[in-house]
Amino acid sequence: MSLSCKSKQPDGQRRRLLGGIAGAVSLGGGFSLIELALAKSEDEAISSLNRWGLLIDTAKCASGCDACVKGCNTEHNLEGFDRPETDAQWIRKLEVTDRQTGHVSSLPMLCQHCEDPPCVDVCPTGASFRRQDGVVLVDKHTCIGCRYCVMACPYKARSFVHESLYNQKSYSPRGKGTVESCTLCVHRIDDDRTPACVESCNRDGNGAMVFGDLNDADSQIAKTMRDSASRQVREDLGLNTGVRYQNL
Amino acid sequence: MSSHFKTLQSKHIGYWMIVILLAVMALAGYGAAHYMEVQGHWVTGMNNQVVWGLPHVFAIFLILAASGALNVASISSVFGRKVYKPWSRLSALLAVCLLVAGLIVLVLDLGRPERLIVAMTHYNFKSIFAWNIFLYTGFILVVAGYLWTMFERGMNHHTSKAGVFAFAWRFVLTSGTGSIFGFLVARQFYDAAMMVPMFIVLSLILGTAIFILLSLLLAQWSQQPVLPELLERLASLLAIFIVLELFLVTVFHFTNLYATEHHGIERFILIDGGIYTFIFWVGQIFLGGVVPAVLVFLSAWGQSPQGIKLVAILAVLGAMSQLYVTIIGGQAYPLVLFPGKEVSSTFYDGVVAQYSPSMPELLLGVGGVALAVLLVILATRILPFMPDDRVSRSAS
Amino acid sequence: MSPGRLILLGVCMVTALVSATTSAVADAPVFPRGKGEQCVEPTQTMRKNHMKFLVHQRDDTVYQGVRTTKHSLKNCVDCHVQEDSAGQFIPIDAPGQFCQSCHEFASVKLDCFECHATMPDQGHANLGNTPGKMGSGAASLTAHAFSTKPSDDAAQ
Ligand code: SF4
């Protein structure tokens, strides 16, 4: 397997290099043509040259807005059973109040797609894993539902499926007895699209989320992160998260 | 040597009634697990805040007890104390049965118990759970081998070697079990190396107490009294372990109190955690710690068979309380995402999680304990695990 | 073994074999045909090895992000799913449907649909920003299902 990955790497590299060019060309207006030519082909494997991530600007994110949550719930059909203690939540809005100053920030909390994810460390079967491109996932085929990863996650990002589900989306399998969390919409990433939460935030919310390749120096996300300060939640744990926050 | 051991040949009506009772309880536990699997875990008290509930408490209880139950055999073959020897086979048998039952409870509480084979074929060697799969199955094999050296006359001279090996193995096993919690850096209550020694001593307490209770039970049916001398020694050992655990728990909480970041969780467990605070002070510290220690060390009655029985029961209660407070209480306290800030959300951030054990969980846990005892008292009928009079007398 | 016993054994075996085949014909699963001309692999290959294709594809997709449709479960469902008289999809794991009928016959528990969608996504196109490649598998595919006559089964 590792061999085939290696042979795929040049492709990934090409994709990134061309991505840079595409950015430049798109200014000139040839956007759709180039983008079509660049889309990852179905049979192309992901590459460790990419690292997908999110940048969330808490100054833009508004208290009371939950466009991202709605977007996620619709995309993955997370409609619950009206049992809030056991229903799954892949992304939720947090209100954070400073005890001393009273300052309130509002932000979405979700799987932080760590580089060194505690859930992956503790998973006995290796079902929790990190894709080469940085997305942390659960392989539900090998998850035994021990919930050790839920215990280990510092962000409370994981949910255990407590009952039988129907009406799953074809691109988002989920089922009773296994653990799940934000997939960063891998089905969209593999298709060169943006995660549902980001799309909803841009369309119905306040445009507080940016998605992109942290490894691509020319991407908007990498540029913004280079130019202005951003933070990781629980950075004391040293997990190098793929989701970062601004103005926190 | 084997002539000094015998099978249990009780025709007591009480024996069979207990066998039937235990079998019914074990079956009820299995039924409850099946119900939980078919319905999904929403029918339990567990939720996305408290993901390990009562079955985990019982499973860890049984696994710790298993390692501790080997005490008598270890003292006999590792430290060469004669008075323990007649009971060494029973001690090893009890260890295996408790572990098997603990593993069954653990597996039946999985989200996908039928995927046990996946757990056996896919390993992530960074995971403490994965190590534990080896430690647990290995323990069963090691103790089985140990038992074999005790049973097979030609192998008797290997008993002490096997005993040392099993002795080492059980410490690693208990450390592994403690590490399940000790390595959870994200959780305020677990993030401590002290978890390991606390679990080790807890296993010594549990194993000794359960051995006392079980040998007293079996003695009724086999006209084979547990010698007062042995009982008294076990009781003092138990009391020493209890005092040691009280000490470790004190150190644990004091070091936690020293670090400001742990003040929240300490306040929760020690002062305002409601049910958890109550179980901690009343169950773990007072009834399970102070009272049995005082009984053994300061009263003559605490040295009588009746007194020792009570001490053992209290020790089990205390250990159970400690596990409940550690496992459930530790999860009920909210994760700290932003130190120094207050958080709120639709996902119970920043609030103490609710958990009340449900009937199926209780049945599964109790069923596991019943299964362990059932296996022991049936196995003693089949093979000569019980001490024979002559040996017991000559040893004293 | 004496010759007499051998003959007896032979007779028993033949009888068993014959009765097994006849009962197989009688109870053979009847399931609906898929769309298009033929399946993604020859019918015999699929009968024997569909699970291997699926597992292979599953790992490629989960770990490598490879999203080819040829051997994907989604593709099976898209092609083999039935609609009821009202034009609603019938879950493919419902009794008598493509996956379920055969698995029931072979007494092999079907675990895929504890998690996977049992029918194509409805209204998927208006959810995403661009209707991506994900939805195009069924449309582009001109595959056909197994032929499912019981006599065909018995002939194998
Ligand atoms: S619940 Fe599943 S993914 Fe999580 S640690 Fe257990 S096996 Fe791994």
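Scoring rules and cut-offs
Residues numbered from 1 in each chain as written. Chains lettered and ligands numbered in written order. Predicted model: local features only at pLDDT ≥ 70, side-chain atom pairs only at ≥ 80, totals over all residues. Heavy atoms only, no water. Helix = DSSP H or I, 4+ residues; strand = E, 2+ residues; numbered from the N terminus. Buried < 20%, exposed > 50% of the residue type's maximum accessible area, 1.4 Å probe, protein only. Contact = heavy atoms within 4.5 Å. Areas by Shrake-Rupley, 256 points an atom, 1.4 Å probe, with all protein chains shown as cover. pLDDT = per-residue confidence, 0-100. Pairing = 2+ DSSP bridges. Axes fitted to C-alpha atoms, helices over the stretch in contact; angles between N-to-C directions. Salt bridge = Lys/Arg side-chain N within 4 Å of Asp/Glu carboxyl O. Patch = residues over 30% accessible without salt bridge, like charges linked within 9 Å, V, L, I, M, F, W, Y side chains within 5 Å. Parallel < 35°, antiparallel > 145°, perpendicular 65-115°, else oblique. Left-handed = near helix turned anticlockwise from the far one by under 90°. Expected span 1.5 Å × (residues − 1).

A. Structural context of the overall build of chain C. Along chain C, the regular secondary structure elements total six helices and two strands. Each helix and strand of chain C, ordered N terminal to C terminal, gives the series α-α-α-β-β-α-α-α. Here chain C holds 156 residues, and 33% of them are scored as buried. Put simply, of all contacts in chain C between residues at least 6 apart along the chain, 68% involve residues at least 24 apart. Carbon together with sulfur atoms contributes 62% to the accessible area of chain C, which is approximately 9,200 Å² in total.

B. Local environment of the confidence of the model for chain C. All names here are of chain C. On average, residues of chain C score 72 in pLDDT, and 61% of them are at 70 or above. For the stretch residues 20-24, pLDDT sits under 50, and the model shows one contact to residues farther than four places along the chain or on other chains. Confidence drops under pLDDT 50 across residues 123-156; counting only partners more than four residues distant or on other chains, this segment forms 77 contacts. Predicted complex metrics record ipTM = 0.91 and pTM = 0.86.

C. Summary view of unusual backbone geometry. All names here are of chain A. One non-glycine residue, Lys 156, lies in positive phi territory at about 55°. In this structure, Asn 247 is a non-glycine residue whose phi angle is positive, near 60°. Residue placement: Asn 247 occurs in the segment after strand 9 (243-246). Accessibility expressed as a relative area gives 51% for Asn 247, which makes it exposed.

D. Inspection of the sheet that holds strand 8 (residues 209-213) of chain A at higher detail. Residue and element names in this part refer to chain A. Ordered by their spatial adjacency, three strands build an open sheet running 8-1-9, and the pairing between neighbours is mixed. Strand pairing shows two members of the sheet lacking a second neighbour, strand 8 and strand 9, which therefore form its edges. Sheet twist, expressed as the mean angle between neighbouring strand axes with direction ignored, is 20°. In this structure, strand 1 (residues 52-57) lies alongside strand 9, joined through four bridges in parallel fashion. Within strand 9, the residue paired with Asp 57 across the bridge is Gln 246.

E. Region of interest: the confidence of the model for chain A. Residues and elements named next belong to chain A. For chain A, the mean per-residue pLDDT works out to 86, and 84% of the residues sit at or above 70. For chain A, per-element mean pLDDT is lowest for helix 1 (residues 2-28), which scores 40, and highest for strand 7 (residues 179-180), which scores 98. Contacts from residues 1-37, a stretch scored under 50 in pLDDT, to residues over four places away or in other chains number 33 contacts.

F. Representation of helix 3 (residues 73-80) of chain C. The buried fraction of helix 3 of chain C amounts to six of the eight residues, a majority that puts the element mostly inside the structure. Among the residues making up helix 3 of chain C, those that are buried are C:Leu73, C:Asn75, C:Val77, C:Asp78, C:Cys79 and C:His80.

G. Examining the pattern of salt bridges more closely. Taken as a whole and judged by the stated rule, the model has 25 salt bridges over all chains. Where A:Asp66 meets A:Lys70, a salt bridge forms, and the shortest distance between an N and an O atom there is 3.0 Å. Taking the shortest distance from any N to any O, the salt bridge between A:Arg99 and B:Glu342 comes out at 3.2 Å. A residue pair is termed interchain when its members come from two chains, as with A:Arg99 in the loop between strand 2 (91-98) and strand 3 (104-110) and B:Glu342 in strand 2 (residues 341-344). Each of A:Glu75, A:Arg188, A:Glu199, A:Arg203 and A:Asp204 takes part in a single network of salt bridges with overlapping partners.

H. Here's a closer look at a nonpolar patch on the surface. Residue and element names in this part refer to chain B. On the surface, Ile 240, Val 243, Phe 286, Val 290, Val 294, Phe 297 and Leu 298 cluster together to form a nonpolar patch covering roughly 640 Å² of accessible area. Elements represented by at least two residues in the nonpolar patch include exactly helix 9 (228-258) and helix 11 (275-298). Of all the elements, helix 11 adds the most residues to the nonpolar patch, at five residues. Here Ile 240 is to be found in helix 9. Since its relative accessible area comes to 47%, Ile 240 is described here as partly exposed.

I. Fine view of the environment of B:Pro387. Residue and element names in this part refer to chain B. Counting through the fold element by element, Pro 387 comes out in strand 3 (residues 386-387). Residue classification places Pro 387 among the buried positions, given a relative accessible area of 0%. In sequence terms Pro 387 and Phe 5 are 382 residues apart; their C-alpha atoms lie 4.6 Å from each other.

J. Examining the packing of helix 2 (residues 54-69) of chain B against helix 12 (residues 305-332) of chain B more closely. Residue and element names in this part refer to chain B. Interaxial distance between helix 2 and helix 12 falls to 10 Å at its minimum, and their mutual angle equals 130°. The angle between helix 2 and helix 12 places the two elements in the oblique class. Taken as a pair, helix 2 and helix 12 cross one another with a handedness that is right-handed. For the pair helix 2 and helix 12, the contacting residues are Leu 54, His 56, Val 57, Phe 58, Ile 60, Phe 61 and Leu 64 in the first and Val 316, Met 320, Leu 323, Tyr 324, Ile 327 and Ile 328 in the second.

K. Representation of the pairing of strand 2 of chain A. Residue and element names in this part refer to chain A. Burial of strand 2 is extensive: six of the eight residues sit out of reach of the surface. Pairing geometry for strand 2 and strand 3, over seven bridges, is antiparallel. Residue pairing for strand 3: Val 96 is matched across the bridge by Ser 105. Count of turn residues in the strand 2/strand 3 antiparallel hairpin: five residues, of which Gly 102 carries a positive phi of about 80°.

L. Representation of helix 12 of chain B in the model. The first and last C-alpha atoms of helix 12 of chain B sit 39 Å apart over 28 residues, in line with the 40 Å expected at 1.5 Å per residue. Across the 28 residues that make up helix 12 of chain B, a large majority, 22, are buried.

M. Just the side chain of B:Ser222, in detail. Residue and element names in this part refer to chain B. Tracing the backbone through its elements, the reader meets Ser 222 in helix 8 (residues 195-222). Judged by its relative accessible area of 6%, Ser 222 is buried. If we skip the residues at most four places from it in the chain, Ser 222 touches Lys 6, Leu 8 and Met 386.

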